[in-house]
Amino acid sequence: MMNLKTPEPRTASSSSSSIVTAEKAFSFISKGWREVRSSAGADLQLIKNRANSFKNLADKELENFLNSAYKSPFPVPTITASATTTPAEIDFVKKIRPKLSEIRRQYSSPDFKWSQWSPKPKIRIDLSAIKNAIVSEVEDEEDERENFRKWRRVRFKEREREEGKFGELWEPIRAFKTRLRELEQKSSTSSPAEIFEGIKNSELVGKFKSSLRAICKENDSKEVPPLDVPELLASLVRQSSPFLDQLGIRRDISDKIVESLCGKRRSQLLLRSLPAGESSMIEADNINDELDLRIASVLQSTGHHYEGGFWTDSMKQDMSDEKRHVAIVTTASLPWMTGTAVNPLFRAAYLAKSAKQNVTLLVPWLCRSDQELVYPNNLTFSSPEEQELYIRNWVEERVGFKADFKISFYPGKFSKARRSIIPAGDTSQFISSKDADIAILEEPEHLNWYHHGKRWTDKFNHVVGIVHTNYLEYIKREKNGALQAFLVKHINNWVTRAYCHKVLRLSAATQNLPKSVICNVHGVNPKFLRIGEKVAAERERGEMAFSKGAYFLGKMVWAKGYKELIDLLAKHKNDLDGFKLDVFGNGEDAHEVQNTAQRLNLNVNFMKGRDHADDSLHGYKVFINPSVSDVLCTATAEALAMGKFVVCADHPSNEFFRAFPNCLTYKSPEDFVAKVKEAMANEPQPLTPEERYSLSWEAATQRFMEYSELNKVLNGDSYSGKSNGTPMRKSVSMPSLSEMVDGGLAFAHYCFTGNEFLRLCTGAIPGTRDYDKEHCKDLQLLPPQVENPIYGW
């Protein structure tokens, strides 16, 4: 590769060397001229010798001619008129012979000179006419060229006015021609050494060198050292962590193995593989990210480009140039007032409010028999359109703006044993392929327990799971709960790893799932914030805002905190003498809960379930919530938004609420009594604007976009690092063993859920692998055997 150096400044030594070079050049020219002159002299001598030989030959021929003419005259025909007459030719020869002898004697003498013997020739060739003709022709040609130049300048100016940029395109050429003229003028008045030095230091040559230097610099790529054995082993162990986790090897053990394998050469390798200025990255605490970046840089240096694996779908639709689409899939729907029905509905409304993406809410459709078991107050719907109208009216009344999102339905069945709705058939098929971009799975483990259909991560570009429910806590309360909880824990790990790119846990009370982070991405109904503002205004005016004492609200099942509540009230009945609690709720365990409270003679008043925003609940000052099975209790957030006291357990599910001064947490039964008395004896503090905003759905949506990395996906910025200044995608730059393991788990789950016997053994509702005839009628679907034929139709 050429290595160009910048010109050095001229010094005395460089000047002397230039003079010596010039002298050598002149010596060479003089020597050449001498050789040419010698060669010309030799040629002239050769011509003279040839002329002398020609002269000698001519003398001999002339002498022979004269002798022959004198001795034997020319024969002539006989003339009868006069016999004595001499031929004219003989007389002519006789007359010129003396003159020829004189000429011969003259030029044969050594002192003979042609210039003296004969006058100089008067004939000369006049080249002036030729010169004038050539000059005239050249002038005519120059006139034609000048006319062409004038026409071209006029034409260029017209085109420049039209395009506005033509003159700029010719500017480099003009500069080049100007430099050439200057160089020509300088060469006519300068010595060769000065000319050479001027060319060397000229601006044109300097720019040319700079361009070549820049090209060489761009082409000069830093060599990345290959991966060594410890790095390969570390990558294998780290990517095998899902498989090791299934075998019972904890994640922290795998991380320690990885760190021990590549930690020793960590700084050295990164300093060699990263470009200058980015060495600060070696200070990162996450060795996994550094190892990913190291592998990606090596793969990029080899030109490797990975587009998919054994189990990944490389034919996903590219939505980069279109408006993105978000599909929110949940396990419940209004009028069932549960967290998985209300919170996804608000999420859809506020995501659609930004108008940056299209939003579809996918909710379960229950047949009439299941609606009667689930929906309160005997409320049923005859068609999906009727239920959709109910849902839209409910949410728009509370958010205060038009909910501009689409609502779709998928077939569902209600399980009495699990007290939840189980999808029937392939839920993913109810999102069209053209809209399959981003999926938000509310309760991903619940949706995928018996999911027998297309893999979510194959159909969608980005899949986010949001964990709402602590299923392990509920299952532990059942018969053989420990064994069931162990199985469900691993099944949840299995399905969330296989079907999600990212998992959000509302609190640390949930199971620690793969690819998960903890963040509260739920807000409260704006109506509760308005109630809180109204209460604060009443207190400022000196009015009595709270006229009632304490209450509890929740679905009346033992796992929702009713067992803890009755135990606390029964144990400290004497300490809480005179304390009265109103309880609002409906549920499967309502009769048993009420009988237990009456048997223990507790001062509890049971009422039917109501909406928490009902006017009859505004006057209560204290909300009691002893539940430890919730992940993040929506009712607690709503009570705080209304400006009430909240007495709750010191539990990970309540971690988000501890920052609020009106939240009183207790650690023991005795502490519970103290917190209840404190709340009943004091007035709650008004919420600050920052506290109100943190409870709102605007703040929750912002947290969701950040922690789910949805903002990066929507903006097309899914890069994970840089190598040599070039951004790289981990998922594209290198194949991942982890992705292959996830694909294998998804395939195994698909085979498992396709067997009806295995489904029934794990508690699935019979016939839910596909939707039934009643669903086909209500949702106007083709029969499953037509929609997914076995042998083809």
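Before reading further, recall that the structure is shown in the block above.
Residues numbered from 1 in each chain as written. Predicted model: local features only at pLDDT ≥ 70, side-chain atom pairs only at ≥ 80, totals over all residues. Heavy atoms only, no water.

(A) Region of the structure containing the sheet that holds strand 14 (residues 663-666). Read across the sheet, six strands follow the order 11-10-9-12-13-14 without closing on themselves; strand pairing throughout is parallel. Whereas interior strands pair on both sides, the edge strands pair on one side only; in this sheet they are strand 11 (604-607) and strand 14. Strand-to-strand twist in this sheet, taken as the mean axis angle between neighbours without regard to direction, amounts to 25 degrees. The pairing of strand 9 (residues 548-553) with strand 12 (residues 620-625) spans three bridges and is parallel. Across the sheet, Ala550 pairs through a bridge with Val622, a residue of strand 12. Taken strand by strand, helix 21 (residues 562-571) contacts strand 9, strand 10 (581-584), strand 11, strand 12 and strand 14, and its axis lies near 165 degrees from that of strand 10. Those strands touched by helix 24 (residues 669-681) are strand 9, strand 12, strand 13 (645-649) and strand 14, and its axis lies near 160 degrees from that of strand 14. (Pairing = 2+ DSSP bridges. Helix = DSSP H or I, 4+ residues; strand = E, 2+ residues; numbered from the N terminus. Axes fitted to C-alpha atoms, helices over the stretch in contact; angles between N-to-C directions. Contact = heavy atoms within 4.5 Å.)

(B) Looking closely at the pairing of strand 5 (residues 438-442). The buried count for strand 5 comes to five of five residues, which makes it a mostly enclosed element. The two faces of strand 5 match: Ile438, Ile440 and Glu442 on one face and Ala439 and Leu441 on the other face are all buried. Relative to strand 5, strand 1 (residues 324-329) runs parallel, the two sharing four bridges. Directly across from Ala327, in strand 5, lies its bridge partner Ala439. (Buried < 20%, exposed > 50% of the residue type's maximum accessible area, 1.4 Å probe, protein only.)

(C) Representation of the packing of aromatic side chains within the structure. Tallied over the entire structure, the rule returns 19 aromatic pairs. Considering the side-chain rings of Trp449 and Tyr471, the 4.9 Å spacing of their centres and the 65 degrees angle between planes classify their relative orientation as edge-to-face. Placement of Trp449 in the loop between helix 16 (444-448) and helix 17 (456-459) and of Tyr471 in helix 18 (residues 471-476) is noted, with a sequence separation of 22 residues between them. Judged by relative accessible area, which is 12%, Tyr471 ranks as buried. On the basis of an interplanar angle of 75 degrees and a centroid distance of 5.7 Å, the ring pair of Phe656 and Phe657 is categorised as edge-to-face. In this structure Phe656 comes out as partly exposed when scored by relative accessible area, which is 25%. Three or more aromatic residues joined by ring pairs make a cluster, and in this case those are Tyr551, Phe552, Tyr562, Phe584, Tyr620 and Phe623. It is Arg347 that lies over the ring of Phe704; its NZ or CZ is 5.4 Å from the centre. (Phe/Tyr/Trp six-rings, centres within 6.5 Å; stacked < 30°, edge-to-face > 60°. Lys NZ or Arg CZ within 6 Å of the ring centre and 35° of its normal.)

(D) Up close: unusual backbone geometry. For the bond from Leu334 to Pro335, the omega torsion is 10 degrees, close enough to zero to count as cis. Within the secondary structure, Pro335 sits in the loop between strand 1 and helix 13 (339-353). The residue Asn377 is not glycine, and still its phi comes out positive at about 55 degrees. Secondary-structure assignment places Asn377 in the loop between helix 14 (368-374) and helix 15 (384-399).

(E) Layout of the pairing of strand 4 (residues 420-423). Neither face of strand 4 is exposed, since Ser420 and Ile422 on one face and Ile421 and Pro423 on the opposite face are all buried. Relative to strand 4, strand 3 (residues 406-415) is paired through four bridges, and the arrangement is antiparallel. Each bridged residue has a counterpart across the sheet, and for Ser415 the counterpart in strand 4 is Ser420. Between the end of strand 3 and the start of strand 4, which pair antiparallel, lie four residues, with Arg419 showing a positive phi angle near 55 degrees.

(F) Spatial organisation of the nonpolar core. Counting residues in hydrophobic clusters, the biggest one holds 106 residues, and the most contacted among them are Phe405, Ile624, Phe672 and Phe704. No other element matches the nine residues that helix 13 contributes to this core. In contact with Phe405, other than residues within four places in its own chain, are Leu345, Ala348, Ala349, Ala352, Val359, Leu361 and Arg392. Of all hydrophobic cores here, the second largest spans 25 residues; its members include Phe430, Leu447, Leu513 and Ala746. (Core = buried A, V, L, I, M, F, W, Y, C linked by side-chain atoms within 4.5 Å.)

(G) Up close: the packing of helix 19 (residues 481-499) against helix 29 (residues 737-753). Axis separation between helix 19 and helix 29 bottoms out at 8 Å; the angle between their running directions is 120 degrees. As for the relative orientation of helix 19 and helix 29, their crossing is left-handed in sense. Note on element contacts: helix 29 touches helix 19 through Ser738, Asp742, Leu745, Ala746, Ala748 and His749, opposite Trp494, Val495, Arg497, Ala498 and Tyr499. (Left-handed = near helix turned anticlockwise from the far one by under 90°.)

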